[in-house]
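# Descriptive analysis of the structure
As a plain string of letters, each chain reads:
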Amino acid sequence: MASVLLIEDDASVREGLELALRRQAHTVHTAESGELGLEKLRVYQPDIVVLDLMLPGIDGFETCRRIRSAGEVPIIMLTARSDDFDIVAGLEAGADDYVTKPIEPRVLDARIRAVLRRAVSEKPASEDHPAGERHGSLVIDRSGLVITKNGEPVSLTPTELKLLLELSRTPGQVYSRQQILSAVWDHDYLGDSRLVDACVQRLRAKIEDVPAKPDHVQTVRGFGYRFGRS
């Protein structure tokens, strides 16, 4: 179904997940360190990276930042703890989603498929793009899935792009975090707002003139977000 790069230093976990993912028809490449993972990323150009946070040498956080700086390949991080600090730090480093250990292979497979559905659904369908919607210096071309700011293209991950498209579909409408989770992540995360908040932070860094004082993605305290001012 997909080409997966699994970066995990624990041999038993790595081998178990590799076997389980192959049974789900995925092609799997493995690496036991961040350094080797970065090398294999360049060689195999996988559809998605599954990345353990606790790695020897270059840790998972730095590996995630380097992967993200090199491109927009989706990343699912693996963490041994449900520690808020680890999860938020990984999401802020550029991960699209996370799974906590011990890992249920069916859960990981479902998360992989959900992330890849976003990547497929957000691919441009045509080279003939209309002018798009203009919001100040930001232009959103829904047909061509091209986002520009001040005339320059903005590089977004599939998750960031889907978040922007969902929020901007009805400017001024307020969306709860749970509504956003359902629309963008395709799973019921039982109120896990960390995914939304971290993705909003990354999106703001790319589309706002002053991310700390956003004009486009507005916070509605105690509820969620809206695109543009009411």
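To start, this report covers the structure provided alongside it. (Residues numbered from 1 in each chain as written. Predicted model: local features only at pLDDT ≥ 70, side-chain atom pairs only at ≥ 80, totals over all residues. Heavy atoms only, no water.)

Looking only at helices and strands, the chain features 8 helices and 12 strands. Computed over its C-alpha atoms, the radius of gyration of the chain comes to 18 Å, within 12% of the 17 Å expected for a compact globule of 230 residues. Taking the principal axes of its C-alpha atoms as reference, the chain extends roughly 50 × 40 × 30 Å. Scored against the burial criterion, the 230 residues of the chain give a buried share of 51%. The long-range fraction of contacts in the chain, counting pairs at least 24 apart against all pairs at least 6 apart in sequence, stands at 56%. Of the accessible surface of the chain, which amounts to about 10,900 Å², a share of 51% is contributed by carbon and sulfur atoms. (Helix = DSSP H or I, 4+ residues; strand = E, 2+ residues; numbered from the N terminus. Rg over C-alpha atoms; globule rule 2.2 N^0.38 Å. Buried < 20%, exposed > 50% of the residue type's maximum accessible area, 1.4 Å probe, protein only. Contact = heavy atoms within 4.5 Å. Areas by Shrake-Rupley, 256 points an atom, 1.4 Å probe, with all protein chains shown as cover.)

Per the counting criterion, the structure on display carries 16 salt bridges. Asp 52 serves as the salt-bridge partner of Lys 101, at 3.2 Å between the closest nitrogen and oxygen. One end of the pair, Lys 101, is in the loop between strand 5 (97-100) and helix 5 (105-121); the other, Asp 52, is in strand 3 (residues 48-52), with 49 residues separating them in the sequence. Accessibility expressed as a relative area gives 22% for Lys 101, which makes it partly exposed. (Salt bridge = Lys/Arg side-chain N within 4 Å of Asp/Glu carboxyl O.)

What follows covers unusual backbone geometry. In this structure, the amide linkage connecting Lys 101 to the following residue, Pro 102, adopts the cis form with an omega of 0°. Tracing the backbone shows Pro 102 in the loop between strand 5 and helix 5. Positive phi, normally seen in glycine, also occurs at Gln 45, with a value near 45°. Locating Gln 45 in the fold gives a position in the loop between helix 2 (34-44) and strand 3.

Another point: helix 1 (residues 11-23). Taking 1.5 Å of rise per residue, the 13 residues of helix 1 would be expected to cover 18 Å, and the 18 Å separating its terminal C-alpha atoms lies within 8% of that figure. Arg 14, Leu 17, Ala 20 and Leu 21 are the residues of helix 1 that are buried. Down the axis, helix 1 shows its buried residues gathered within 140° of arc, on one side only. The exposed residues of helix 1 that point more than 90 degrees off its buried face are Ser 12, Glu 15 and Arg 23. Taken from the residues just after helix 1, Ala 25 is the one with a positive phi, measuring 75°. (Expected span 1.5 Å × (residues − 1). Arc of directions from axis to C-beta.)

Right, let's talk about the pairing of strand 1 (residues 3-7) for a bit. Extensive coverage of strand 1 is indicated by the burial of 5 of its 5 residues. On strand 1, burial covers both faces: Ser 3, Leu 5 and Ile 7 on one face and Val 4 and Leu 6 on the other are all buried. Sheet analysis places strand 1 next to strand 2 (residues 27-31), joined by 5 bridges and oriented parallel. Residue pairing across strands places Leu 5 opposite His 29, the latter belonging to strand 2. Between strand 1 and its parallel partner strand 2, the chain crosses via helix 1, and the hand of that crossover is right-handed. Sheet analysis places strand 1 next to strand 3, joined by 4 bridges and oriented parallel. Its bridge partner being in strand 3, Val 4 is matched across the sheet by Ile 48. (Pairing = 2+ DSSP bridges. Right-handed = clockwise from strand over helix to strand, strands pointing away.)

Let's shift gears to the sheet that holds strand 6 (residues 133-135). Pairing is antiparallel in the open sheet, where 4 strands are placed in the order 6-7-8-9. Among the strands making up the open sheet, the edge pair consists of strand 6 and strand 9 (152-153). Bridge analysis of strand 7 (residues 138-141) against strand 8 (residues 146-149) gives 4 bridges, and the strand direction is antiparallel. What sits directly across from Asp 141, in strand 8, is Val 146.

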